[in-house]
Amino acid sequence: KNNEAHLHGAIMTERRILVTSALPYANGPIHLGHLVEYIQTDIWVRFQKLRGRRCVYVCADDTHGTAIMIRARQEGRREEALIAEMQRAHERDFAGFDIAFDNYGSTHSPENRRFCEEIWRSLRQADLVVERNVSQLYDPQAGTFLADRFVRGTCPSCGRPDQPGDSCQCGATYTPVDLIDPVSILSGAKPEIREAKHLFVQLEKLHDFLNEWTQSGDHLQPEVVNYLKGHFLDEPLRDWDISRPAPYFGFEIPDSPGNYWYVWFDAPIGYIASTQQWCDRHSGRNDDWWRSDQTEIHHFIGKDITYFHTLFWPGMLKVAGFSLPAKVHIHGFLTVGGEK
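Residues numbered from 1 in each chain as written. Predicted model: local features only at pLDDT ≥ 70, side-chain atom pairs only at ≥ 80, totals over all residues. Heavy atoms only, no water.

Colleague: In this structure, what is going on with the overall build of the chain? I would like to understand it.
Modeller: When you go through the chain residue by residue, the secondary structure sums to ten helices and 14 strands. The C-alpha radius of gyration computed for the chain amounts to 21 Å, which stays within 12% of the reference 20 Å derived for 340 residues, consistent with globular compactness. With the C-alpha coordinates aligned to their principal axes, the bounding extent of the chain is approximately 80 × 45 × 45 Å. Burial status across the chain gives 52% buried among its 340 residues. (Helix = DSSP H or I, 4+ residues; strand = E, 2+ residues; numbered from the N terminus. Rg over C-alpha atoms; globule rule 2.2 N^0.38 Å. Buried < 20%, exposed > 50% of the residue type's maximum accessible area, 1.4 Å probe, protein only.)

Colleague: What is the right way to read the environment of Ile 330 from this model?
Modeller: By the element assignment, Ile 330 lies in strand 14 (residues 327-331). On the accessibility criterion, Ile 330 (12% relative accessible area) is buried. Between the alpha carbons of Ile 330 and His 299 there is a distance of 8.3 Å; along the sequence they are 31 residues apart. Discounting residues that sit within four places of it in the chain, Ile 330 has contacts with Gln 221, Val 224, Ile 301, Gly 302, Lys 303, Thr 306 and Thr 310. (Contact = heavy atoms within 4.5 Å.)

Colleague: Is there a simple way to explain helix 5 (residues 110-125) in this structure?
Modeller: Helical geometry note: an α-helix holds 3.6 residues per turn, so side chains three or four residues apart project in the same direction. Taking 1.5 Å as the rise per residue, helix 5 with 16 residues should run 22 Å; its terminal C-alpha atoms sit 23 Å apart, in good agreement. Those residues of helix 5 that fall on the buried side of the exposure criterion are Glu 111, Asn 112, Phe 115, Cys 116, Glu 118, Ile 119, Trp 120, Ser 122 and Leu 123. Packed against the buried residues of helix 5 are strand 3 (103-106), strand 4 (129-139), strand 9 (192-201), strand 12 (259-261), helix 8 (263-282) and helix 10 (306-320). Count one or two residues on from helix 5 and you reach Asp 127, which has phi positive near 60°. (Expected span 1.5 Å × (residues − 1).)

Colleague: I tried to follow the pairing of strand 6 (residues 151-154) on my own but got confused; where do I start?
Modeller: Both faces of the sheet carry side chains from a regular strand, because those side chains alternate between them. In this sheet, strand 8 (residues 180-184) lies alongside strand 6 in antiparallel orientation, the contact comprising three bridges. Across the sheet, Thr 154 pairs through a bridge with Ile 180, a residue of strand 8. In this sheet, strand 7 (residues 163-164) lies alongside strand 6 in antiparallel orientation, the contact comprising two bridges. Among the inter-strand pairings, Gly 153 is bridged to a residue of strand 7, identified as Gln 163. (Pairing = 2+ DSSP bridges.)

Colleague: Any chance you could explain the state of the cysteines here in plain terms?
Modeller: Defined simply, a disulfide is a covalent bond joining two cysteines at their sulfur atoms. Using the criterion set out here, one finds zero disulfides in the structure. This cysteine, Cys 155, is not joined by any disulfide, and Cys 168 carries the nearest cysteine sulfur, 3.7 Å off. Judged by its relative accessible area of 1%, Cys 155 is buried. Cys 168 takes part in no disulfide bond, and the closest cysteine sulfur to it belongs to Cys 170, at a distance of 3.7 Å. (Disulfide = S-S within 2.5 Å.)

Colleague: In this structure, what is going on with the confidence of the model for the chain? I would like to understand it.
Modeller: If pLDDT is low for a region, its predicted coordinates should not be looked at in detail. Of all residues in the chain, 96% have pLDDT values of 70 or greater, and the mean over the chain is 93. Below a pLDDT of 50 lies the segment residues 8-12, which in the model reaches zero contacts outside its immediate sequence neighbourhood of four places, other chains included. (pLDDT = per-residue confidence, 0-100.)

Colleague: Just to check I follow, could you spell out the nonpolar core for this structure?
Modeller: A general trend in soluble globular proteins is that nonpolar side chains are found buried together. Judged by nonpolar contacts, the single largest core of 73 residues is most densely connected at Ile 119, Trp 120, Trp 240, Phe 265 and Trp 290. The leading source of residues in this core is helix 8, at nine residues. Those residues in contact with Trp 240 that sit more than four places away from it in its chain are Leu 199, Phe 200, Val 201, Leu 203, Tyr 262, Trp 264, Phe 265, Phe 312 and Met 316. (Core = buried A, V, L, I, M, F, W, Y, C linked by side-chain atoms within 4.5 Å.)

Colleague: Looking at this model, I keep getting lost on the sheet that holds strand 7. Mind explaining?
Modeller: The strands making up a sheet associate through hydrogen bonds between their backbones, and the pairing can be parallel or antiparallel. In spatial order, the strands read 7-6-8; together these three strands make up an open sheet with antiparallel pairing. Both edges of this open sheet fall to strand 7 and strand 8, since each of them pairs with a single strand only.

Colleague: Is there a simple way to think about the pattern of salt bridges in this case?
Modeller: Two side chains bearing opposite charge may form a pair once their charged atoms approach each other closely. All told, the structure shown has 19 salt bridges when counted by the stated rule. The partner of Arg 77 in a salt bridge is Glu 75, with the nearest N and O atoms 2.8 Å apart. Judged by its relative accessible area of 39%, Glu 75 falls in the partly exposed class. A salt bridge links Asp 127 to Lys 205; its shortest N-O distance comes to 3.6 Å. Linking Asp 127 in the loop between helix 5 and strand 4 with Lys 205 in the loop between strand 9 and helix 6 (207-215), this pair joins segments that are 78 residues apart in sequence. For Asp 127, a relative accessible area of 49% corresponds to the partly exposed category. One continuous salt-bridge network, built from bridges that share partners, spans Arg 71, Glu 75, Arg 77 and Glu 85. (Salt bridge = Lys/Arg side-chain N within 4 Å of Asp/Glu carboxyl O.)

Quick look at the structure:
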C-alpha cells in the first residue's frame, strides 16, 4: 500500500514533456541530414521515458507549397496522391532507423486546417494582418507565380549567368525581379512581372514580446540569443508575407478567397495538429499539452529554420493563447569535407 501511494504521488507530479522534430518536406526522400535530427531527438525522448517522465514525441509530413504542386503536375497526378506516397516512404525509412514517433501526421489534415483557422482568427482579431500588392514573376506558360528557386538569370551585381532567383555565388542577394534576362525553370519561358495581393503579419507589433522572450530565460542557446539580437531584433521587424495567390497547393484562407496560407504558416501548426491526433487516440485533451504550464514543449530543429521557430512561431503562439516552447534545441548541419 505504501508503494502504491508513493507511485500515485510520483505520477501526479511527473514531468509532462511534448517533443517535436522539424517536419520533413513531402517533396523528397529522407536523407542523412534529416536523420541527424530525428535520431538525436529520438535518443532524447527515449531517455526521458526511461526516467519515467510522461513524454510524447510528435511529427508530421510538411505537404504544402508550390514545389509539391509543380511536381504533381509534372508527374500527371493529384497532389494528394503524391504526398500520400511520400508519407509512406518517410514512415518506412524512419521505422528502419528505429525512430519511434508517438504520432506521425500530415499538415494536409482536417486537424491542421482547424488550428490554422483558429490561429488566423486570433491574428486578425489582434489587428496584426495587413494586405498589399506584391510584384512577382509569373510564368505565362506554366500559369503560376514563381518562387525564387524556380527562376534563374544573370546576377545584377557581378554579371554571372544562370544564377538562382535570390542570391548569386558572388554573395549578392536580390529579388527575382532584379535578375537580368530571367528564365522560368518550369517551362523555359521568359517570366512576366505581375501584381498580386498578399497578406502580411506585422511582426513589429510583437517586437517587445519577442525581444523579451528571446533575450531572457534559458529556452535558447546563447549563440542563438545573440544571432537574433544582432540580425533581427536590433531594428524594426519586417512584415511576414503569410499568403500566396492561386494556383497553390495548401489551405485556402477562409476570409481571403483565391489566397492560400504560405507553407511556413501551416507547417509549425502541424505540431499542434499532430498532438491532437495523438489525443484523439488516447482520450487526451490538447489543451493539457498546448495550453498548460504543467507541460514542457521541446522543439528540435536545424539552424536554417531558426527564425521561423524563434520569431514567427512564438508570435503566433502568444497571440492565439498557446504555450510557448520551454526549449528550442538547434543543431548545425552534417558536413562532409565542408559541404552540407
